[in-house]
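Residue strings, one per chain:
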Amino acid sequence: MSMMALVGFLIVFVVLILMIFVMKVLGYTFTRKVKTSRKSSVDISEEEVAAILTALKLYKSDIHDKETELLTIKRMSRAYSPWNSKIHGLTPLPEYRRRQW
Amino acid sequence: MTHILAESFIVESIEKFLSNSGFMVFFEVEGYKFIIMVLIAFVLLYLAIKKQFEPLLLLPIAFGMLLTNLPGAEMFHSELFADGHVHWDIFVGTAGLIDYLYLGVKLGIYPCLIFVGVGAMTDFGPLIANPKSFLLGAAAQLGIFATFLGAFALGFAPNECASIGIIGGADGPTSIFLTSKLAPELLGPIAIAAYSYMALVPVIQPPIMNMLTTKKERMIKMSQLRQVSKAEKIIFPIVISVIISWILPDAAPLIGSLMLGNLMKECGVVDRLSKTVQNELMNIIVIFLGISVGATATAASFMNWRTIGILLLGIIAFSFGTAGGVLLAKLMNVFLPENKKINPLIGSAGVSAVPMAARVSQSVGQKENPSNFLLMHAMGPNVAGVVGSAVAAGILLAFMG
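So, here's what we can say about the structure. (Residues numbered from 1 in each chain as written. Chains lettered and ligands numbered in written order. Predicted model: local features only at pLDDT ≥ 70, side-chain atom pairs only at ≥ 80, totals over all residues. Heavy atoms only, no water.)

Considerations on the overall build of chain A
- Per the secondary structure count, chain A includes two helices and zero strands.
- The buried share of chain A, taken over its 101 residues, is 15%.
- On chain A, roughly 10,400 Å² of surface is accessible, and the fraction owed to carbon and sulfur atoms is 61%. (Helix = DSSP H or I, 4+ residues; strand = E, 2+ residues; numbered from the N terminus. Buried < 20%, exposed > 50% of the residue type's maximum accessible area, 1.4 Å probe, protein only. Areas by Shrake-Rupley, 256 points an atom, 1.4 Å probe, with all protein chains shown as cover.)

Here it is as structure tokens:
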């Protein structure tokens, strides 16, 4: 019985270690794919990249300088609708009749 | 004359009514056992409702137990399932409501359907990101095999030892699946032990975790897990099903069901099915399973020393499983570089009990270092434990079946 328990426990380990290898291979395949897909085909130096980024930064900051600085308030005209009217959802109070003597 | 006749008729009727009443059973030999079983059912109902110990399962189990021990109600007939198979020849004529529901347990349908729902609710991402977690999930199965030996030492038959040992897997459906195949007469005590101890994981595990680790080890911070792509999550259940079922065909029903549910969730094209198995189907099966498993806890099968032995062995199984996971994590740290060390507390989550065991790792870790977040790291061994216990069940079935 003790041998059976030991063998059983070892089989659990072997099966799950096999799973580790499978998952490692799967993970490696997918992470490598991501890395290779990110690689650019154009070969440019770091100085050129820096120059492009600076040019883009200047261009974008220029765009921001030309803001009109005018604040506008959009007026909405909404036609009356009884569907959201609160008065229709309230129970009217009873009207007391004046006693007629 | 007519007056005397009417009087004797009334007395006869009352006598007949009383002899048919369930109360008469209490005055028979060993009738007290029914009273004790009803009281146990009340205690379990109290634990489920007031203390909220796994109420979704404990409540139907306790009520099933109550129904089956109501004398004269005849809702469950253990003789229909005697000798390990269904006696179809007398089934239709004799069976009560719970006998019909119990067929789902006996034929191994409910545990597998529950596994479909569990799979649909489980995120295997942390395990895919860190496959080493499989080792911790395997180590935590130590409880199963240690208890297997312990039960044998106490004089249980080999098939019963396997069923008792599986309590250490901390996985209710797996315990029920294996026990219904190997030792159906022990189903009641084993299911109750498995679910009760699963609810007590936050009580059982922390002392063992603290005892086996140093303060420095408990404070280890683990590096962030990598992102897992959708494609990996879709391929994972397919690959696992194929490989494990090829190696261990006996584990195929459990692993296949678990992975089917997970594929439904991850593929994203069968949202309706995924939601159904996570909610409606799962809830219906839990009701059927709970009532029918509770019903197997009859006075005759429950009130004996073997049940007490099973309950004791169950807690040993949980403790060994916890210790196995923690100790292997410590051993792994000996070989891992300084920046990749793992916190041994996540090893205890290798016993299934998803996600309770992972939460325990998180809370024990945060007691030492409040800025340490172990939950996602612990989910890896936790879900690996589900796979590991299903594999262990398959191995035990192959040995004993």
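What about the pattern of salt bridges?
Residues and elements named next belong to chain B.
- Scanning all chains against the criterion turns up eight salt bridges over all chains.
- A salt bridge links Lys 233 to Asp 123, with the nearest nitrogen and oxygen atoms 3.3 Å apart. Of this pair, Lys 233 sits in helix H16 (residues 230-247) while Asp 123 sits in the loop between helix H7 (109-121) and helix H8 (125-129), and the two are 110 residues apart along the sequence.
- Among the residues examined, Asp 123 registers a relative accessible area of 29% and is labelled partly exposed.
- A salt bridge links Lys 265 to Glu 266; the shortest N-O distance between them is 3.2 Å. (Salt bridge = Lys/Arg side-chain N within 4 Å of Asp/Glu carboxyl O.)

Concerning the interface of chain B and chain A
- Counting residues at the interface gives 36 residues for chain B and 23 residues for chain A.
- For the pair chain B and chain A, the summed buried area comes to about 2,500 Å², and 93% of that belongs to carbon and sulfur atoms.
- Across the contact surface, chain B and chain A share zero salt bridges.
- Secondary structure elements with two or more residues in the side of chain B that touches chain A: helix H9 (133-139), helix H10 (142-153), helix H11 (158-165), H16 and helix H23 (375-400) of chain B.
- The biggest single contributor to the side of chain B that touches chain A is H16 of chain B, with nine residues.
- Residue composition of the side of chain B that touches chain A, by class: 29 nonpolar, four polar and three charged. (Contact = heavy atoms within 4.5 Å. Buried area = accessible area lost by both parts, 1.4 Å probe. Nonpolar A, V, L, I, M, F, W, Y, C, P; charged D, E, K, R; others polar.)

Considerations on a nonpolar patch on the surface
Residues and elements named next belong to chain B.
- A contiguous nonpolar patch, built from Phe 9, Ile 10, Ile 14, Phe 17, Leu 18, Phe 23, Met 24 and Phe 27 and spanning about 930 Å² of accessible area, is present on the exposed surface.
- The dominant element in the nonpolar patch, judged by the number of residues it contributes, is helix H1 (residues 2-20), at five residues.
- One can find Leu 18 in helix H1. (Patch = residues over 30% accessible without salt bridge, like charges linked within 9 Å, V, L, I, M, F, W, Y side chains within 5 Å.)

Digging into the side chain of Ser 389 of chain B
All names here are of chain B.
- Among the structural elements, Ser 389 can be located in helix H23.
- Overall, Ser 389 belongs to the buried group, its relative accessible area being 1%.
- Looking at Ser 389, its side chain comes within polar contact range of the side chain of Asp 171, at 3.3 Å.
- Looking at Ser 389, its side chain comes within polar contact range of the side chain of Ser 352, at 3.3 Å.
- Excluding residues within four positions of it along the chain, Ser 389 makes contact with Gln 141, Ile 166, Gly 169, Asp 171, Thr 174 and Ser 352. (Polar contact = N/O pair within 3.5 Å; in protein donor to acceptor, adjacent residues only side chain to side chain.)

Thoughts on helix H19 (residues 280-295) of chain B
Residues and elements named next belong to chain B.
- Helix length check: H19 (16 residues) gives 23 Å between terminal C-alpha atoms against 22 Å at 1.5 Å per residue, within 8%.
- Looking at H19, one finds that the buried residues are Met 282, Ile 285, Val 286, Leu 289, Gly 290, Ile 291, Ser 292, Val 293, Gly 294 and Ala 295.
- Next to the buried residues of H19 lie helix H4 (55-68), helix H6 (97-106), H7, helix H12 (172-182), helix H13 (187-199) and helix H18 (271-278). (Expected span 1.5 Å × (residues − 1).)

A look at H7 of chain B
All names here are of chain B.
- The first and last C-alpha atoms of H7 sit 19 Å apart over 13 residues, in line with the 18 Å expected at 1.5 Å per residue.
- Listed in full, the buried residues belonging to H7 are Tyr 110, Pro 111, Cys 112, Ile 114, Phe 115, Val 116, Gly 117, Gly 119 and Ala 120.
- On its buried face, H7 sits against H6, H12, helix H17 (252-267), H18, H19 and H23.

Quick word on the packing of aromatic side chains
All names here are of chain A.
- Taken as a whole and assessed by the stated rule, the structure comprises 11 aromatic pairs over all chains.
- Consider the rings of Phe 9 and Phe 13, whose centres lie 5.2 Å apart with planes at 85°: the pair is edge-to-face. Linking Phe 9 with Phe 13, this pair stays in helix H1 (residues 2-38), spanning four residues, or about one helical turn. The burial state of Phe 9 is the same as that of Phe 13; both residues are buried. (Phe/Tyr/Trp six-rings, centres within 6.5 Å; stacked < 30°, edge-to-face > 60°.)

As for the environment of His 85 of chain B
Residues and elements named next belong to chain B.
- By the element assignment, His 85 lies in the loop between H4 and helix H5 (88-94).
- Note on His 85: relative accessible area 41%, which makes it partly exposed.
- In contact with His 85, not counting residues within four places along its chain, are Leu 80 and Lys 106.

Observations concerning unusual backbone geometry
Residues and elements named next belong to chain B.
- In this model, Val 354 is joined to Pro 355 through a cis peptide bond whose omega is -10°.
- Residue placement: Pro 355 occurs in the loop between helix H21 (305-335) and helix H22 (356-368).
- Non-glycine residue Ala 170 carries a positive phi angle of around 55°.
- Within the secondary structure layout, Ala 170 lies in the loop between H11 and H12.
- Note on Ala 170: relative accessible area 1%, which makes it buried.

Points about the environment of Thr 29 of chain A
- With respect to the helices and strands, Thr 29 of chain A occurs in helix H1.
- Residue classification places Thr 29 of chain A among the partly exposed residues on the basis of a relative accessible area of 33%.

Re the side chain of Ser 348 of chain B
Residue and element names in this part refer to chain B.
- Relative to the helices and strands, Ser 348 is located in the loop between H21 and H22.
- Among the polar contacts made by the side chain of Ser 348, one reaches the side chain of Ser 361 at a distance of 3.4 Å.
- Among all residues touching Ser 348, those that are not within four sequence positions of it are Gln 205, Met 209, Thr 322, Gly 325, Val 326, Ala 357 and Ser 361.

Considering the nonpolar core
- Counting residues in hydrophobic clusters, the biggest one holds 137 residues, and the most contacted among them are Phe 124, Phe 134, Ile 164, Phe 236, Ile 244, Val 387 and Val 391 of chain B.
- Among the elements that line this core, the one with the most residues is H23 of chain B, at 14 residues.
- Among residues more than four places away in sequence, those in contact with Phe 134 of chain B are Leu 16, Met 19, Ile 20 and Met 23 of chain A together with Leu 127, Phe 236, Ile 240, Ala 384 and Val 387 of chain B. (Core = buried A, V, L, I, M, F, W, Y, C linked by side-chain atoms within 4.5 Å.)

Here's the deal with the packing of H16 of chain B against H17 of chain B
All names here are of chain B.
- For the pair H16 and H17, interaxial distance at closest approach is 9 Å and the crossing angle is 165°. If you check the angle between H16 and H17, you find them roughly antiparallel. Considering how the two elements wind past one another, H16 and H17 form a crossing that is left-handed. The segment H16 lies against H17, with Lys 230, Lys 233, Ile 234, Phe 236, Pro 237, Ile 238, Ile 240, Ser 241, Ile 244 and Ser 245 engaging Ala 252, Ile 255, Gly 256, Met 259, Asn 262, Leu 263, Glu 266 and Cys 267.
- Residue classes in the contact of H16 with H17 are distributed as 11 nonpolar, four polar and three charged. (Axes fitted to C-alpha atoms, helices over the stretch in contact; angles between N-to-C directions. Parallel < 35°, antiparallel > 145°, perpendicular 65-115°, else oblique. Left-handed = near helix turned anticlockwise from the far one by under 90°.)

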